[in-house]
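One-letter residues, chain by chain:
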Amino acid sequence: VAASILYLNSQQSGNYDGGEFYWADMFSNNGGLGEPSVIVTPKEGRMAFFTAGVENLHGALPVERRVRDEEPRRLALAMWYVTDERLEEVIPPFVGRPEGDDNEEEEEEDVIIDTPSQKLLMKIPIQSMKTGALKLSLWFHLVKQQSNPTKKSWQANEGVDENMLTMLYRDHSALFSITLQKNVITIHR
């Protein structure tokens, strides 16, 4: 898997400081793990291209506002390149509103949008659980996360069965689901 970051604006035009992309040392001289070693300053049109495995630990430094009265905006396009079919990303079925339906006041049935495949992220085996209590606790946590990173970014939903919760991204480009079963919790993307 390879990846690239294409900067669409600079720090000055985006009203921010920071936000630099970096590659990290696996082990730094001061004993820290993942300290930035190579830093790429955002500049409109600049692209960084790299393999995206553990051999290239990478990240972005925090973005800070440059001018007090204006919002900072770091614009970058992240892309991943995959040639191995086994690594293709798949999307699980989910419950949501059809695209363009932002009217929350009307009482409409949710639509089950079914896709042919999904990617299992993890299975957590358990000996026993109180499904209702765990589902309620997870639900409250997911509802609090709906405005992360920005207001109304995510929508928490009950899934296609009573033991499933889903989080759907605002533009329907991302989704994950948590299913509570008798002896296992599964998380799909």
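Residues numbered from 1 in each chain as written. Predicted model: local features only at pLDDT ≥ 70, side-chain atom pairs only at ≥ 80, totals over all residues. Heavy atoms only, no water.

What follows covers the sheet that holds strand β6 (residues 58–60). Strand order in this open sheet of three strands is β4-β3-β6, and the pairing throughout is antiparallel. One side of each edge strand has no neighbouring strand; the edge strands of this open sheet are β4 (36–40) and β6. Pairs of neighbouring strands in the sheet enclose a mean axial angle of 30°, with direction left out of account. Alignment of strand β3 (residues 21–24) against β4, held across four bridges, turns out to be antiparallel. Within the sheet, the bridge partner assigned to tryptophan 23 lies in β4 and is valine 38. (Pairing = 2+ DSSP bridges. Helix = DSSP H or I, 4+ residues; strand = E, 2+ residues; numbered from the N terminus. Axes fitted to C-alpha atoms, helices over the stretch in contact; angles between N-to-C directions.)

A few words on unusual backbone geometry. The backbone of asparagine 15 shows a phi angle near 60°, a positive value even though the residue is not glycine. If you trace the backbone, asparagine 15 turns up in the loop between β1 (2–7) and β2 (16–18).

We now examine the packing of aromatic side chains. Evaluated as defined, the whole model comprises five aromatic pairs. On the basis of an interplanar angle of 35° and a centroid distance of 5.2 Å, the ring pair of phenylalanine 21 and phenylalanine 50 is categorised as tilted. One end of the pair, phenylalanine 21, is in strand β3; the other, phenylalanine 50, is in strand β5 (residues 47–51), with 29 residues separating them in the sequence. Each of the two residues, phenylalanine 21 as well as phenylalanine 50, counts as buried. Among the aromatic residues, ring-to-ring pairing joins Phe21, Trp23 and Phe50 into one connected group. (Phe/Tyr/Trp six-rings, centres within 6.5 Å; stacked < 30°, edge-to-face > 60°. Buried < 20%, exposed > 50% of the residue type's maximum accessible area, 1.4 Å probe, protein only.)

Here the focus is the confidence of the model for the chain. With 77% of its residues at a pLDDT of 70 or more, the chain has an overall mean of 76. In this model residues 91–116 is a low-confidence stretch, pLDDT under 50, and it forms 44 contacts with partners more than four residues away in sequence or in other chains. (pLDDT = per-residue confidence, 0-100. Contact = heavy atoms within 4.5 Å.)

Secondary-structure assignment places threonine 179 in strand β14 (residues 175–180). Not counting the four nearest positions on each side in its chain, threonine 179 is found in contact with Asn163, Met164, Val184, Ile185 and Thr186.

So, about a nonpolar patch on the surface. A cluster of nonpolar residues, Val1, Trp80 and Val82, forms a patch on the protein surface that exposes about 320 Å² of accessible area. Its location among the elements puts valine 82 in the loop between β8 (76–81) and β9 (94–96). Its relative accessible area of 39% is what places valine 82 among the partly exposed residues. (Patch = residues over 30% accessible without salt bridge, like charges linked within 9 Å, V, L, I, M, F, W, Y side chains within 5 Å. Areas by Shrake-Rupley, 256 points an atom, 1.4 Å probe, with all protein chains shown as cover. Salt bridge = Lys/Arg side-chain N within 4 Å of Asp/Glu carboxyl O.)

What follows concerns the pattern of salt bridges. Taken as a whole, this structure holds two salt bridges when the rule is applied. We note a salt bridge from arginine 66 to aspartate 17, for which the minimum N-O separation is 2.8 Å. Here aspartate 17 lies in strand β2 and arginine 66 lies in the loop between β7 (63–65) and β8, a separation of 49 residues in the sequence. Relative accessible area serves as the criterion here: at 37%, arginine 66 is assigned to the partly exposed category. The class for aspartate 17 is partly exposed, based on a relative accessible area of 33%. Among the salt bridges present, the one from glutamate 71 reaches arginine 65, with a minimum N-O distance of 3.4 Å.

It is worth spelling out the environment of leucine 180 at this point. Along the polypeptide, leucine 180 turns up in strand β14. Residues leucine 180 and leucine 134, 46 residues apart in the sequence, show an inter-C-alpha distance of 8.5 Å.

With that settled, consider the sheet that holds strand β12 (residues 154–158). The strand order β11-β15-β14-β13-β12 describes an open sheet built from five strands, whose pairing is antiparallel. Each edge of the sheet is formed by a strand with only one pairing partner; in this case those strands are β11 (120–125) and β12. Taking the axes of each pair of neighbouring strands and ignoring which way they run, one obtains an average angle of 15° across the sheet. Against the sheet, helix α1 (residues 131–144) engages β12, β13 (164–169), β14 and β15 (184–188), with an angle of about 160° to β14.

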